[in-house]
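Topology and contacts: notes
These are the residues of each chain, in order.
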Amino acid sequence: MKSIRTTCCGVALAMLFGAAAQSQTADKRYLILLIGPTGSGKTTQAEFLKKRLGIPTISVDDLILENPAALAKYRRPGITPGPPQLNPAIDGLFAEKLASMDLTKGLVLDGYPASKDQADHLAALAKKLNLPHPIVIQLDVPDDVARQRLLTERQGGQDKPELIDERLKNYHREMDMIRAYYPEVNIWTIDGDKPVAEVSSTIEAILKDEIPKQ
């Protein structure tokens, strides 16, 4: 796994190549998996890639919010539901959303896959749609920073500490699966505690092959 703890390289290179470097990505097609705890900035970076490179995005959080009835079908009385992102309905909702999108430039995924079964499902769809091998970008944020963001910036102090801890536990479980499932060479770890613009520049530099593989 390639870990990038400082982003000055990405910022400097982005400034150096400017529009010429941006044109370098024009003919490329991506499958980008953004991984990180809630509050790490995944959604912000997905929106950046969508606007900067014209790559559509799918957010699991959006699928959950937009399809409560579909997810409710799989709940059983007296059984405590697991994390909503692992609900069996997610795969179907994901495939349905995918079928309606223009994938000419690829796809950015925010929060999917979250299990090995989902990763297998994604691999089958990617093969069918001739999408490239995934680039996994982990926005690494310390647990205490993620907790503080959830308690203040993102949730207005409404989340209970035990729910935040459960979210972080789920994230670490997902990250363990990602590391086991995808080749190490395809995983990039970025310091998600850096300013948003620096993180964006580093991601862009990775996609343009401006940061050498280590």
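Predicted model, so just to flag it, every value in this text is computed and none were measured. (Residues numbered from 1 in each chain as written. Predicted model: local features only at pLDDT ≥ 70, side-chain atom pairs only at ≥ 80, totals over all residues. Heavy atoms only, no water.)

A cis amide bond links Tyr112 to the next residue, Pro113, at an omega of 5 degrees. With respect to the helices and strands, the residue Pro113 is situated in the loop between β4 (106-110) and α6 (116-128). Backbone geometry places Asn130, a non-glycine residue, at a positive phi of 60 degrees. Here Asn130 lies in the loop between α6 and β5 (135-140). (Helix = DSSP H or I, 4+ residues; strand = E, 2+ residues; numbered from the N terminus.)

This part takes up the pattern of salt bridges. Tallied over the full model, the rule gives nine salt bridges. Across the pair Glu204 and Arg52 runs a salt bridge, and its minimum N-O distance is 2.6 Å. With Glu204 in helix α9 (residues 196-207) and Arg52 in helix α2 (residues 42-53), this residue pair connects regions lying 152 residues apart in the sequence. With a relative accessible area of 5%, Glu204 lands in the buried category. For Glu204, the salt bridge is made with Lys208, and the minimal N-O distance between the two is 2.8 Å. Across the pair, Lys208 and Glu204 agree in class, each one buried. Through salt bridges with shared partners, a single network forms among Arg52, Glu204 and Lys208. (Salt bridge = Lys/Arg side-chain N within 4 Å of Asp/Glu carboxyl O. Buried < 20%, exposed > 50% of the residue type's maximum accessible area, 1.4 Å probe, protein only.)

Of the residues in the chain, 79% reach a pLDDT of 70 or more, and the chain-wide mean stands at 83. Segment residues 6-21: pLDDT under 50, and 15 contacts once partners within four positions in sequence are set aside and those in other chains are kept. (pLDDT = per-residue confidence, 0-100. Contact = heavy atoms within 4.5 Å.)

Glancing now at the packing of aromatic side chains. For the structure shown, the criterion picks out two aromatic pairs. Look at Tyr181 and Tyr182: their rings are 4.9 Å apart centre to centre, the planes differ by 65 degrees, and that puts the pair in the edge-to-face class. The exposure class assigned to Tyr181 is partly exposed, which follows from its relative accessible area of 26%. (Phe/Tyr/Trp six-rings, centres within 6.5 Å; stacked < 30°, edge-to-face > 60°.)

What follows covers α6. Owing to its 3.6 residues per turn, the α-helix brings residues three or four apart onto one side. With 13 residues, α6 extends 18 Å from end C-alpha to end C-alpha; this agrees with the ideal 18 Å at 1.5 Å per step. Of the surrounding elements, those touching the buried residues of α6 are β2 (30-35), α5 (89-99), β4 and α8 (161-181). Count one or two residues on from α6 and you reach Asn130, which has phi positive near 60 degrees. (Expected span 1.5 Å × (residues − 1).)

Turning to the pairing of β4, a few remarks are in order. Burial runs high along β4: five of the five residues are buried. What you see with β4 is no split at all: Gly106, Val108 and Asp110 on one side and Leu107 and Leu109 on the other are buried throughout. Across five bridges, the pairing between β2 and β4 is parallel. Bridge pairing links Ile32 to Val108 in β4. Examined bridge by bridge, strand β3 (residues 57-59) and β4 share three bridges and lie parallel to one another. Residue pairing for β4: Ser59 is matched across the bridge by Asp110. (Pairing = 2+ DSSP bridges.)

Attention now goes to the environment of Ile135. Position of Ile135 relative to the elements: it lies in strand β5. What makes Ile135 partly exposed here is its relative accessible area of 22%. A C-alpha to C-alpha distance of 8.6 Å links Ile135 and Leu34, two positions 101 residues apart in sequence. Apart from residues no more than four positions distant in its own chain, Ile135 is found in contact with Tyr30, Leu31, Ile32, Leu33, Asn186, Trp188 and Leu207.

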